[in-house]
Amino acid sequence: MSKTFTLDDKRIPFEDGQTILQAALAASVYIPHLCYHPDLEPHGSCKLCTVKVGGRQTAACTLRAAEGMAVESDTGEINAQRLALVQMLFVEGNHFCPSCEQSGDCRLQATAYQLGMLSPHFDHFFPNRPVDASHPDFLLDFNRCILCSLCVRASREVDGKNVFALAGRGLKTHLIVNAPSGKLGDTDFGGADKAAHVCPVGVILPKRRGFAVPIGERTFDKSSIADYVASRHGKRGGEK
Amino acid sequence: MTAHDATRPAPPPAGAPERKPKLATVSLAGCFGCHMSFLDIDERLFTLIEHVTFDRSPFTDKKEVGECDIGLIEGGVCNAENVQILREFRQHCKILVALGACAINGGLPAQRNSIPLSSLLQAVYYSSPRLPHGGIPDDAELPLLLDKVHPIHEVVKVDYFIPGCPPSADAIWSVLRDLLAGRAPVLGHGMLHYD
Ligand code: SF4
Ligand code: FES
């Protein structure tokens, strides 16, 4: 008989070593998350996956499941905190959805829909972040970076290239490209890289694709991120 | 989908007051796209007009906002006049609604925010071959530009938000119906869009 823990009112089976998030997703139960990817080591930085275990807040993507654990996730209190986190991500960058090629396929946007975000609530930073169009096949639009480090981890752990890094501290944290010029065009980054396909927002974009799939017919126009993620994980035991 | 059903009348306002609620609308730093989308409620406009009186709005061409129940604001604030009108709306409207992306996050006009205003004016009025002797307009009639374009919630308290560029006619209709029925509006999946 497999071990289980409870997530809200559901009983979730797990295998030793699985995190709460991994077990929940395998059982087709959605917990909001942005910096987690099934193929990469957890980072525990976005805090969207925050749950309560024994009255304490913890990241579901880093805490291993244990027999009999009682986990709270889909509560008004936790979702309100998740919403505030997403609102802060929106005001820290420049997230102008109507002009973004990733709109409708963006996990930040879809997570905000999921949490019912109607306004960014906070004052906007309107930072100045120039784009990098130096690579022949990919564009970097730093305005949308949420510092999830998925590209950093993918490039380092899977591609063995170390193209990206997070530099600076605190509010000044930003994504850099590891080249003397700082330009993507001066790295060995390529379309076959894992790092080219993990950005949850619209920073790392293939050129000449644009609006090939029209707005309104995209992934999260058709289904909520909760349904989409839960079904993909549950059926295939892992996301793309 | 009930939001499409033009034949079904909007629910009566809560408490059924004698007087029809007043609705005002304005476009600040917007493109009137949200107003066009509002007009896209099509024949539901007839239902709406049974339940509200339009105050200041491009639909009435009334220039001053009176005491209103609901004010819809399209666009963010990019100049001093926008700020003044926005404050007047806030003073006169019981419920203030931000309509569309520009009102909510600055939208397209706010894409100028990372460029200093002086460089922008120089680029537009001195480097355009069509305006060889133009100079930067400084007529006293012209409202002073703000250094940045701001969403309206950074200037006044906003009660409700209808995201979208523009919000769909169904989303606008759904919020208006809820407000007129005295309910807090809810925009579920399919109605909630930022693009
Ligand atoms: S570029 Fe994308 S994947 Fe990389 S840190 Fe920024 S948001 Fe994350
Ligand atoms: S997904 Fe767990 S902290 Fe980001």
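To be clear, the structure that these remarks concern was listed above.
Every value quoted in this text rests on a predicted model; they were computed, and no experiment measured them. (Residues numbered from 1 in each chain as written. Chains lettered and ligands numbered in written order. Predicted model: local features only at pLDDT ≥ 70, side-chain atom pairs only at ≥ 80, totals over all residues. Heavy atoms only, no water.)

### Topic: the overall build of chain A
And then number 1: The helix and strand inventory of chain A stands at six helices and nine strands.
And then number 2: Considering chain A as a whole, with its 240 residues, one finds that 52% of them fall into the buried category.
And then number 3: In chain A, 64% of the contacts between residues at least 6 apart in sequence involve partners at least 24 apart.
And then number 4: Here chain A carries 27 positive and 26 negative side-chain charges, and the mean point of each set is 2 Å from the other. (Helix = DSSP H or I, 4+ residues; strand = E, 2+ residues; numbered from the N terminus. Buried < 20%, exposed > 50% of the residue type's maximum accessible area, 1.4 Å probe, protein only. Contact = heavy atoms within 4.5 Å. Lys, Arg positive; Asp, Glu negative; His and termini not counted. Charge placed at Lys NZ, Arg CZ, Asp CG, Glu CD.)

### Notes on the pattern of salt bridges
All names here are of chain B.
And then number 1: As enumerated under the stated definition, the model contains 15 salt bridges over all chains in all.
And then number 2: D55 is the salt-bridge partner of K62, the closest N and O atoms lying 2.8 Å from each other.
And then number 3: On the basis of relative accessibility, which here comes to 4%, the residue D55 falls in the buried class.
And then number 4: Taken together, the shared-partner salt bridges in this structure form one network comprising R19, D69 and K94. (Salt bridge = Lys/Arg side-chain N within 4 Å of Asp/Glu carboxyl O.)

### Details of the pairing of strand 4 (residues 56-59) of chain A
All names here are of chain A.
And then number 1: Sheet analysis places strand 3 (residues 50-53) next to strand 4, joined by four bridges and oriented antiparallel. In the sheet register, V53 faces strand 4, and the bridge partner there is R56.
And then number 2: Between strand 3 and strand 4, which follow one another and run antiparallel, lie two residues, and G54 among them has a positive phi close to 60 degrees. (Pairing = 2+ DSSP bridges.)

### A few points about the sheet that holds strand 3 of chain A
Residues and elements named next belong to chain A.
And then number 1: The five strands lie next to each other as 2-1-5-3-4, forming an open sheet whose pairing is mixed. Each edge of the sheet is formed by a strand with only one pairing partner; in this case those strands are strand 2 (10-14) and strand 4. With strand direction ignored, the average angle separating the axes of adjacent strands in the sheet is 40 degrees.
And then number 2: Two elements, strand 1 (residues 3-7) and strand 2, share five bridges in a ladder whose sense is antiparallel. Each bridged residue has a counterpart across the sheet, and for F5 the counterpart in strand 2 is I12. (Axes fitted to C-alpha atoms, helices over the stretch in contact; angles between N-to-C directions.)

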